Amino acid sequence: MDLKHTAEVLVQALPHIQKYQNHTIVVKYGGNAMTSEELKQTVMGDIVLLSKVGVRVVLVHGGGPEINAALGRMGIETQFVNGLRKTDEETVKVVQMVLAGKVNKDLVNHIENIGGRAVGLCGLDGHMIMAKSADPALGYVGEITQVDVSIINDCLEHGRIPVISTIGCDTQGNVYNINADTVAARIAGELKATSLISMTDIKGILRDKDDPDTLIPSIAVSEAPSLIKSGVICGGMIPKVNCCIEAIRRGVKKVFIIDGRVPHAILIEMLSDTGSGTMFY
């Protein structure tokens, strides 16, 4: 019965696999899916599987918990301005070391060890992500000014999975820490990706934040402002949703906010009729 069920699942998934073959998807990876080793294993497995069946997958990652841990070990105090991390010169060096070094290369190694082919990149490589200071009060927190995706396309053309850490630079040699949702949306837009999948620690957009059964399965971009005004979309979800809207406006066909705490959430969203989160279109 298990073999029969597996065969049925594969048959049901086949049309979806064919739909995404040779198409580009961008996955923004963060939250509990990064900190749980079990979830990390399923996410990397999903990404390798999609790559093996002909989907062009780009992985964009953050690494807040790892940065916090490194700063703590070094005795560097974290300061916040209006809820955002103030990033001075010393802090941004740690961010670069942790994101472009440890976190990025660990993910590349993980993908390679389970049969994938990956290349680790950051916004400094080929000056892929150019940025400027988003706010002098925040120091080296960056606002994207330009993105060159040629190096990403080179990797995809050679069957590699680009794994991208979210730091950028300017022509004066400054390095900036940039929000992962913002980077993923911009890269997806520049690539004209078919889909952007944003992994979060919630089920999706809920009409009632305290009731998981009130998930909104799909939202048109034109509906988002009224949902924000009414308070359905609030707090930390507002910037995430704004990134979804930005990606759509830049040419991405569909954007999904999914619950990264659910094993194989990426495959459930892409290779089934029902999906698991909220789709923006």
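Above this text is the structure in question.
Small disclaimer: the values here were computed from a predicted structure and weren't measured.

Conventions used here
Residues numbered from 1 in each chain as written. Predicted model: local features only at pLDDT ≥ 70, side-chain atom pairs only at ≥ 80, totals over all residues. Heavy atoms only, no water. Buried < 20%, exposed > 50% of the residue type's maximum accessible area, 1.4 Å probe, protein only. Helix = DSSP H or I, 4+ residues; strand = E, 2+ residues; numbered from the N terminus. Pairing = 2+ DSSP bridges. 1 Å grid on protein atoms, 1.4 Å probe; cavity = no way out; pocket = protein on both sides within 12 Å on 5 of 7 lines; lining within 4 Å. Points joined across faces, edges and corners; volume = space filled by probe spheres on them. Nonpolar A, V, L, I, M, F, W, Y, C, P; charged D, E, K, R; others polar. Axes fitted to C-alpha atoms, helices over the stretch in contact; angles between N-to-C directions. Parallel < 35°, antiparallel > 145°, perpendicular 65-115°, else oblique. Contact = heavy atoms within 4.5 Å. Core = buried A, V, L, I, M, F, W, Y, C linked by side-chain atoms within 4.5 Å. Left-handed = near helix turned anticlockwise from the far one by under 90°. Polar contact = N/O pair within 3.5 Å; in protein donor to acceptor, adjacent residues only side chain to side chain.

1. Topic: the pairing of strand β2 (residues 56-61)
Next, step 1: Burial of β2 is extensive: six of the six residues sit out of reach of the surface.
Next, step 2: Here β2 shows no split at all, with Arg56, Val58 and Val60 on one side and Val57, Leu59 and His61 on the other all buried.
Next, step 3: Two strands pair when backbone bridges link them, and strand β1 (residues 24-29) and β2 are joined in this way by six bridges, in the parallel orientation. Paired with Tyr29 across the strands is His61, a residue of β2.
Next, step 4: Judged from the three bridges that link them, β2 and strand β8 (residues 161-165) form a sheet pairing that is parallel. Opposite Leu59, over in β8, you have Val163 as the bridge partner.

2. Concerning empty space enclosed by the protein
Next, step 1: Counted according to the given criterion, the structure contains one cavity of 30 Å³ or more.
Next, step 2: Size it by volume and the largest cavity reaches roughly 50 Å³.
Next, step 3: What lines the largest cavity is simply Lys28, Asp181, Ala184, Ala185, Leu196, Ser198, Lys240, Cys243 and Cys244.
Next, step 4: Those elements that provide at least two residues to the lining of the largest cavity are α7 (180-191), β11 (195-200) and α9 (237-249).
Next, step 5: By residue class, the composition of the lining of the largest cavity is five nonpolar, one polar and three charged.

3. Focus on the layout of surface pockets
Next, step 1: Its volume calculated, the largest pocket comes out at about 1,100 Å³.
Next, step 2: Every residue lining the largest pocket is counted, 39 residues in all, and those nearest its centre are Leu84, Ile178, Asn179, Ala180 and Asp181.
Next, step 3: When residues of the lining of the largest pocket are traced back to their parent elements, those giving at least two are β1, α2 (32-35), α4 (64-73), β4 (84-86), β7 (142-147), α7, β11 and α9.
Next, step 4: At four residues, the largest contribution of residues to the lining of the largest pocket is made by α9.
Next, step 5: The residue makeup of the lining of the largest pocket, split by class, is 16 nonpolar, 17 polar and six charged.
Next, step 6: The computed volume of the second largest pocket comes to approximately 320 Å³.
Next, step 7: Forming the walls of the second largest pocket are 14 residues, and the residues nearest its centre are Val9, Leu10, Ala13, Leu267 and Leu271.
Next, step 8: Elements that contribute at least two residues to the lining of the second largest pocket include exactly α1 (2-20), α3 (37-52) and α10 (265-270).
Next, step 9: Among the elements that make up the lining of the second largest pocket, the one with the highest residue count is α1 (six residues).
Next, step 10: Of the residues belonging to the lining of the second largest pocket, the class tally is 10 nonpolar, three polar and one charged.

4. A few points about the packing of α7 against α9
Angle between the axes and distance between the axes are the two parameters that describe a pair of packed helices.
Next, step 1: Here α7 crosses α9 at 10 degrees, and the two axes come no closer than 8 Å. Considering their axes alone, α7 and α9 lie roughly parallel with respect to each other. Contacts from Asp181, Thr182 and Ala185 in α7 reach Lys240, Cys243 and Ala247 in α9.
Next, step 2: A class-by-class count of the residues in the contact of α7 with α9 yields three nonpolar, one polar and two charged.

5. A short note on the nonpolar core
Next, step 1: Ile25, Tyr29 and Ile266 are the most contacted members of the largest nonpolar core, which totals 46 residues.
Next, step 2: The element best represented in this core is helix α5 (residues 89-113), accounting for 10 residues.
Next, step 3: The contacts of Ile266, once residues within four sequence positions are left out, are Val27, Val43, Asp46, Ile47, Leu50, Ile197, Met199 and Ile258.
Next, step 4: Core analysis: the next-biggest nonpolar cluster, separate from the first, contains 42 residues, Ile129, Leu156, Ala184 and Ile216 among them.

6. Quick look at the packing of α4 against α5
Next, step 1: Where α4 contacts α5, the two axes come as close as 10 Å, and the packing angle between them is 125 degrees. Considering their axes alone, α4 and α5 lie oblique with respect to each other. α5 is crossed by α4, and the crossing has right-handed handedness. For the pair α4 and α5, the contacting residues are Glu66, Ile67, Ala70 and Leu71 in the first and Thr91, Val94, Val95, Val98, Leu99, Lys102 and Val103 in the second.
Next, step 2: Looking at side-chain class alone, the contact of α4 with α5 contains eight nonpolar, one polar and two charged residues.

7. A short note on the environment of Asp88
Next, step 1: Here Asp88 is to be found in the loop between β4 and α5.
Next, step 2: Along the chain, Asp88 and Gly116 lie 28 residues apart, while their C-alpha atoms are 37 Å from each other.
Next, step 3: Engagement of the side chain of Asp88 in a polar contact is seen with the side chain of Thr91, the distance being 2.7 Å.

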